[in-house]
Every structure is written in structure tokens, then in C-alpha cells.
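Here is how the chains run, residue by residue.
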Amino acid sequence: MREYKVVVLGSGGVGKSALTVQFVTGSFIEKYDPTIEDFYRKEIEVDSSPSVLEILDTAGTEQFASMRDLYIKNGQGFILVYSLVNQQSFQDIKPMRDQIIRVKRYERVPMILVGNKVDLEGEREVSFGEGKALAEDWN
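Notes on the structure follow. Worth saying up front: this structure is predicted, and the values here are computed from it rather than measured.

Brief notes about the overall build of the protein chain
For step 1, the next point in the chain: The helix and strand tally for the protein chain stands at four helices and five strands.
For step 2, the next point in the chain: Scanning the protein chain from its N terminus toward the C terminus, one meets helices and strands in the order β-α-β-β-α-β-α-β-α.
For step 3, the next point in the chain: If you line up the protein chain on its principal axes, its C-alpha atoms span 45 × 35 × 30 Å.
For step 4, the next point in the chain: Burial analysis of the protein chain (139 residues in total) assigns 40% to the buried set.
For step 5, the next point in the chain: In the protein chain, of all internal contacts separated by at least 6 residues, the share reaching a separation of at least 24 is 68%.
For step 6, the next point in the chain: Taken as a whole, the protein chain presents about 8,400 Å² of accessible surface, with 51% of it coming from carbon and sulfur.
For step 7, the next point in the chain: Computed over 17 positive and 22 negative side-chain charges, the inter-centroid distance for the protein chain is 6 Å.

Structure follows, in C-alpha cells:
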């Protein structure tokens with residue numbers, strides 16, 4: 001069975017764990033409990049073949065940033081998450097992408113940009129246009 005290794009990166013509190021747990025288990029966790037590192041496996045189908053998706057949910061706090069190179073080295077794809085209600089989290093993902101490219105030594109690494117917390121529209125700090133422009137810039 002083919003395995004795919006995906007790493008979820010972003011600042012603390014952007015909702016990386018909530019997104020990951022909801023994808024893997026189908027349930028939404030509301031309370032915030034800072035992650036150091038969580039690992040999930042989910043059976044999926046890719047091109048009509050059964051596969052396993054291994055998801056590494058990483059710490060968003062700067063105190064664990066030194067571990068990021070190792071996560072990136074072992075990852076095959078990346079999900080970069082920022083919070084729409086936190087402009088700083090949007091700024092923080094740019095150097096994370098640069099780090100991925102530096103560690104992987106390749107410009108075209110599979111990656112997805114995710115703007116999270118869209119339900120908090122009234123508190124929005126990152127505009128739709130800003131997210132769209134960054135996604136287009138990164139292809």
C-alpha cells in the first residue's frame with residue numbers, strides 16, 4: 001500500500017490540530033490545547049488505489065521551530081495554515097515556505113495554502129484578496 005507523508009505547518013493557534021482531527025475523525029475539537037507533535041494515519045484512495053496518508057501535526061510555537069527542518073526533510077507534501085483573524089499568522093507562513101524550499105532544495109514541492117477560521121468573518125484581519133494573491137504567487 002502506498003504511503004504519503006504530509007506535514008501541517010503554521011503558527012500557534014491557527015487551527016492546525018482542529019483541521020487535522022476533523023479530517024481524520026470527522027469530529028471538531030473546540031478547545032485549544034497547544035500541540036508539540038501529533039501523528040495521524042488515515043486510509044484514503046489515490047488514483048483508485050488504497051493508500052495511507054500519514055499526517056504530522058506540528059507545534060506552532062517558536063520554541064519547537066528548531067524541529068521544523070526534520071519535519072520538512074521527511075515530508076512529501078505540506079499544508080501551510082494561517083488564521084484569517086490573525087495577520088501575523090499570515091506573515092509567519094511566508095518564511096515557513098521559504099524553509100521548505102531551502103530544506104527540500106526544490107521550488108515545486110507539493111503544498112497547499114489554507115486560510116482557516118472563515119467562520120469568524122467579523123474578526124477578519126487577512127482579506128480574501130491577500131490570501132488569493134499569495135496562493136497565486138506560490139502557484
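Concerning helix H3 (residues 87-104)
Given 3.6 residues per turn, any residue in an α-helix points the same way as the ones three and four places further on.
For step 1, the next point in the chain: Taking 1.5 Å per residue, 18 residues should reach 26 Å; H3 reaches 27 Å between its end C-alpha atoms and fits that length.
For step 2, the next point in the chain: Buried residues along H3 sit in contact with strand E1 (2-10), helix H2 (68-74), strand E4 (77-83), strand E5 (111-116) and helix H4 (128-137).
For step 3, the next point in the chain: Sitting at the amino-terminal end of H3 is Asn86, which places a side-chain oxygen 2.9 Å from the backbone nitrogen of Gln88.
For step 4, the next point in the chain: Within two residues after H3, Arg105 carries a phi angle of roughly 60°, on the positive side.

Description of the side chain of Thr20
For step 1, the next point in the chain: Within the secondary structure, Thr20 is located in helix H1 (residues 16-25).
For step 2, the next point in the chain: A residue is classified by how much of its surface remains accessible, and Thr20, at 4% relative accessible area, is buried.
For step 3, the next point in the chain: Filtering out sequence-adjacent residues up to four positions away, Thr20 remains in contact with Val8, Tyr40, Ile55 and Asp57.

A word on the nonpolar core
The nonpolar side chains of soluble globular proteins are, as a tendency, buried together.
For step 1, the next point in the chain: Residues Leu9, Phe78, Leu80, Tyr82 and Ile100 are the most contacted members of the largest nonpolar core, which totals 17 residues.
For step 2, the next point in the chain: Those elements that provide at least two residues to this core are E1, H2, E4 and H3.
For step 3, the next point in the chain: Ranked by residue count, the leading element in this core is H3, at four residues.
For step 4, the next point in the chain: Apart from residues lying up to four places away in sequence, Leu80 is in contact with Leu9, Met96, Arg97, Ile100, Met111, Ile112, Leu113, Val114 and Trp138.
For step 5, the next point in the chain: Of all hydrophobic cores here, the second largest spans 10 residues; its members include Val6, Val21, Tyr40 and Val81.

Considerations on the packing of aromatic side chains
To describe a pair of aromatic rings, one takes the distance between the centres and the angle between the planes.
For step 1, the next point in the chain: Scanning the entire structure with this criterion turns up one aromatic pair.
For step 2, the next point in the chain: Across the ring face of Phe23, the terminal group of Lys42 is positioned such that the distance to the ring centre comes to 4.7 Å.

Observations regarding the pairing of E5
For step 1, the next point in the chain: Inspection of the sheet shows E4 paired to E5 by six bridges, in the parallel sense. Paired with Ser83 across the two strands is Asn116, which belongs to E5.
For step 2, the next point in the chain: A crossover connection joins E4 to the parallel E5 through H3; in handedness this β-α-β unit is right-handed.

Structural notes on the side chain of Ser11
For step 1, the next point in the chain: Among the secondary structure elements, Ser11 is positioned in the loop between E1 and H1.
For step 2, the next point in the chain: At 2.7 Å, the side chain of Ser11 and the side chain of Asp92 are in polar contact.

Rules used throughout
Residues numbered from 1 in each chain as written. Predicted model: local features only at pLDDT ≥ 70, side-chain atom pairs only at ≥ 80, totals over all residues. Heavy atoms only, no water. Helix = DSSP H or I, 4+ residues; strand = E, 2+ residues; numbered from the N terminus. Buried < 20%, exposed > 50% of the residue type's maximum accessible area, 1.4 Å probe, protein only. Contact = heavy atoms within 4.5 Å. Areas by Shrake-Rupley, 256 points an atom, 1.4 Å probe, with all protein chains shown as cover. Lys, Arg positive; Asp, Glu negative; His and termini not counted. Charge placed at Lys NZ, Arg CZ, Asp CG, Glu CD. Expected span 1.5 Å × (residues − 1). Polar contact = N/O pair within 3.5 Å; in protein donor to acceptor, adjacent residues only side chain to side chain. Core = buried A, V, L, I, M, F, W, Y, C linked by side-chain atoms within 4.5 Å. Phe/Tyr/Trp six-rings, centres within 6.5 Å; stacked < 30°, edge-to-face > 60°. Lys NZ or Arg CZ within 6 Å of the ring centre and 35° of its normal. Pairing = 2+ DSSP bridges. Right-handed = clockwise from strand over helix to strand, strands pointing away.

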